[in-house]
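Each chain, letter by letter, is given below.
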Amino acid sequence: MAAQIFAYIKHKGGAVDDTALELISAARNIDASAEPIALVAGSGADLDQACSQTASTYKQVWKLGNSAFAYPNAEVLRKALLAVLPTDAIVLVPHDAFGMDLSPGLSIKLDATFVADVLALEVSGNDLRVVRQEYGGQVSSHSLCRMDKGAVINIRPGAFAPVEALASIGEVVDKSSYVAEVSTGREFVELIEAVAGDVDITKEDILVSIGRGIGDEEGIQIAEELAEAMGGVVSCSRPIVDAKWMDKSRQVGTSGQTVKPKVYLACGISGSFQHLGGIKGNPFVVAINKNPKAPIFQVADVGIVADLQEFLPELTERINEG
Ligand SMILES: Cc1cc2nc3c(=O)[nH]c(=O)nc-3n(C[C@H](O)[C@H](O)[C@H](O)COP(=O)(O)OP(=O)(O)OC[C@H]3O[C@@H](n4cnc5c(N)ncnc54)[C@H](O)[C@@H]3O)c2cc1C
């Protein structure tokens, strides 16, 4: 494959997101010998830190420095990428709210194929076969995309295994002069962090996470008892917060908290990408769900097909017995 593959690197406060390592794996599903070029946009010391961290896994890092990139702004970044990308580039972007803001418009400007939320990739000739999920993950769809004019592909976080660090440090190429002139109609004003709740789920090693399958508010009690027996705390999916059964600070996911536990019990959670997008650090995932086809089982290390109302109290009892 001749076209160069690029990977858009997410970072915050100088710390690079786990998806940086996953995008290398995804690139190698397109071309086994691919050495994707990392695109790191930002400003100041955070950008320098993100570039040097990225260079521990990417052989080449393109640094795009501009004060307008102090906070991710898809409109301005799109203009910057157009200034540096070759016409037939294949650009991999993490599939999240920012990726969905950035990528469709970028593909139109590049006159390239766009495909969102990709779980698996395979090349046949000039075509790319992508696997996506429909109907809340109950159906996998396979589509063919032309790649001869390049492609912008949003990769679902967690769908590809992260690669190991490089033996040597990669090269950082400063492309900031190409993006000095970008202007924007939107301006970053201020980042307001969510107020921390009574429990900080982002710092816990063991999370017993409940979803709509818990049934009703009273059901939370059996999860609390299990969490206590395991030495963890209860977190939840978004419907639990929408129902006002738990505080927003307990919600895991793209519009909630990003957690990095060692053990994650997904209890009555179907496994939407918005939920899974908040689980980082490759924890040991135990999924308990009464539907054997629930998508959560595809990412679980252990899957238990059971009714929560019976299984959780039984598990708590066994743990308490020692
Ligand atoms: C912009 C946007 C942002 C979002 N952000 C988030 C986010 O941050 N976090 C998040 O979680 N979601 C988020 N969502 C919502 C997300 O798309 C899903 O709707 C949500 O994650 C589903 O939650 P769930 O798995 O608890 O519920 P469901 O999808 O309804 O799944 C419930 C599961 O419980 C199982 N079940 C039912 N009864 C039982 C039982 N008795 N025993 C065992 N299993 C049982 C079912 O088989 C099912 O698999 C977002 C959506 C949008 C559009």
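Quick caveat, the model's predicted, so the values are computed rather than measured. Starting afresh in each chain, residues are numbered from 1 along the sequence in its written order. Given that the model is predicted, a residue must reach a pLDDT of at least 70 before its local features are reported, and side-chain atom pairs must reach 80 or more before they are shown or counted; all residues, however, enter totals for whole chains, interfaces and linings.

## Structural notes on the overall build of the protein
Note the cut-off: In this description a helix means any DSSP run of H or I spanning at least four residues, a strand means any run of E spanning at least two, and both kinds are numbered starting from the N terminus. Throughout, radius of gyration means the C-alpha value; the globule benchmark is 2.2 Å times the number of residues raised to the power 0.38. Between the buried cut of 20 or more and the exposed cut of 12 or fewer other C-beta atoms within 10 Å of a residue's own C-beta lies the partly exposed class, and all C-beta atoms are placed from the backbone. Our contact criterion uses C-beta atoms placed from the backbone: two residues qualify when those atoms are within 7 Å.
Summing up its helical and strand segments, the protein has eight helices and 17 strands in all. Computed over the C-alpha atoms, the radius of gyration of the protein is 21 Å, within 12% of the 20 Å expected from 2.2 N^0.38 for a compact globule of 322 residues. Expressed along its principal axes, the backbone C-alpha trace of the protein runs to roughly 65 × 45 × 40 Å. Taking all 322 residues of the protein together, 43% fall into the buried category. When contacts within the protein are restricted to residue pairs at least 6 apart in sequence, those whose partners lie at least 24 apart make up 65%.

## Comments concerning the sheet that holds strand S16 (residues 284-289)
For the record, the criterion: Paired strands are those between which DSSP finds at least two bridges. Comment: axis = line fitted to C-alpha atoms, over the contacting stretch for helices; angle = value between 0 and 180 degrees taken between N-to-C directions.
Strand order in this open sheet of five strands is S14-S13-S15-S16-S17, and the pairing throughout is parallel. Two strands close off the open sheet at either side, each with one partner strand: strand S14 (233-236) and strand S17 (302-305). Neighbour-to-neighbour, the strand axes of this sheet turn through a mean angle of 20°, independent of strand direction. Sheet analysis places strand S13 (residues 206-210) next to strand S15 (residues 263-267), joined by five bridges and oriented parallel.

## Quick word on the pairing of S14
Regular strands place side chains that alternate from one sheet face to the opposite one. Note the cut-off: Here the term right-handed applies to a crossover when the path leading from its first strand over the helix to its second strand runs clockwise, the strands being oriented away from the viewer.
The two faces of S14 match: Val233 and Ser235 on one face and Val234 and Cys236 on the other face are all buried. Pairing of S13 with S14 involves four bridges; the strand directions are parallel. Within S14, the residue paired with Val208 across the bridge is Val234. Where the polypeptide runs from S13 across helix H5 (residues 220-230) and back to S14, its parallel neighbour, the crossover connection is right-handed.

## Focus on the environment of Asp111
With respect to the helices and strands, the residue Asp111 is situated in the loop between helix H4 (97-110) and strand S7 (113-118). Along the primary structure Asp111 and Asp88 are separated by 23 residues, whereas in three dimensions their C-alpha atoms are 9.0 Å apart.

## Digging into the sheet that holds strand S12 (residues 171-174)
If you trace the seven strands from one edge of the open sheet to the other, you get S7-S11-S6-S1-S4-S5-S12, paired in parallel fashion. Edge positions in the sheet fall to S7 and S12, since each has one partner strand and no second. The mean angle between the axes of side-by-side strands here comes to 25°, regardless of whether they run parallel or antiparallel. In this sheet, strand S11 (residues 151-155) lies alongside S7 in parallel orientation, the contact comprising four bridges. By the bridge assignment, Phe114 is partnered in S11 with Val152. Where helix H2 (residues 44-54) meets the sheet, its contacts fall on strand S4 (37-42), strand S5 (60-65) and S12, and the angle it forms with S4 comes to roughly 165°.

## What to know about the site of the ligand
Condition: Whether a residue is near a molecule or strand depends on its C-beta atom, generated from backbone atoms, being within 6 Å of that molecule or strand. Three classes are used: nonpolar for Ala, Val, Leu, Ile, Met, Phe, Trp, Tyr, Cys and Pro, charged for Asp, Glu, Lys and Arg, and polar for all others, with Gly counted as polar.
Near the ligand, the surroundings consist of 27 residues, among which Gly211, Gly213, Ser237, Gly253 and Ser270 are the closest. Mapped by element, the contributors of at least two residues to the shell around the ligand are helix H6 (238-242), helix H7 (273-276) and helix H8 (308-321). The class makeup of the residues in the shell around the ligand is five nonpolar, 18 polar and four charged.

## Brief notes about the domain arrangement of the protein
Applicable threshold: Domain delimitation in this document rests on an assignment produced automatically or drawn from a domain database.
By domain assignment, the protein separates into domain 1 (5-179) and domain 2 (201-321). Computed over C-alpha atoms, the centres of domain 1 and domain 2 are 30 Å apart. In this assembly, 12 residues from domain 1 lie in contact with 11 residues from domain 2. Among the residues making up the side of domain 1 that touches domain 2, the classes are represented as two nonpolar, six polar and four charged.

## So, the nonpolar core
Quick reminder of the rule: Core membership is restricted to buried Ala, Val, Leu, Ile, Met, Phe, Trp, Tyr and Cys residues, and these are joined into a nonpolar core through C-beta atoms within 7 Å.
The biggest cluster of nonpolar side chains holds 59 residues, and the ones touching the most others in it are Ala7, Leu39, Val40 and Leu92. Considering each element in turn, this core owes the most residues, seven residues, to helix H1 (residues 19-30). Counting residues in each nonpolar core, the second largest holds 34 residues, with Val208, Ile210, Ala266 and Val285 among its members.

## Re the environment of Ser272
Within the secondary structure, Ser272 sits in the loop between S15 and H7. Once the C-alpha coordinates of Ser272 and Ser237 are considered, the two residues, 35 residues apart in sequence, prove to be 9.5 Å apart.

## Digging into H5
An α-helical turn contains 3.6 residues, so any two residues separated by three or four positions project in the same direction. This is how the line gets drawn: What the arc covers is the set of directions going from the helix axis to the C-beta atoms.
By the burial criterion, the buried members of H5 are Ile222, Ala223, Leu226 and Ala227. Looking down the long axis of H5, one finds its buried residues gathered within 140° of arc, a one-sided arrangement. The inward-facing, buried residues of H5 contact S13, S14, S15 and H8. Where H5 terminates, the next one or two residues include Gly231, which has phi positive at roughly 80°.

## Quick notes on the packing of helix H3 (residues 74-84) against H4
Each packed pair of helices is defined by two parameters, the angle between the axes and the distance between the axes. Going by this rule: These descriptions rest on fixed angle ranges, namely under 35 degrees for roughly parallel, over 145 for roughly antiparallel, 65 to 115 for roughly perpendicular, and the rest for oblique. Crossing handedness is defined as follows: a turn of the near helix away from the far one that is anticlockwise and smaller than a right angle gives a left-handed crossing, while the clockwise case is right-handed.
The geometry of H3 relative to H4 is characterised by a closest axis approach of 9 Å and an angle of 40° between their N-to-C directions. In terms of orientation, H3 and H4 fall into the oblique class. Here the hand of the crossing between H3 and H4 comes out right-handed. Packed against H3, whose contacting residues are Ala74, Leu77, Arg78, Leu81 and Leu82, the element H4 presents Phe98, Asp101, Leu102, Gly105, Leu106 and Lys109 at the interface. Per-class residue counts for the contact of H3 with H4 are seven nonpolar, one polar and three charged.

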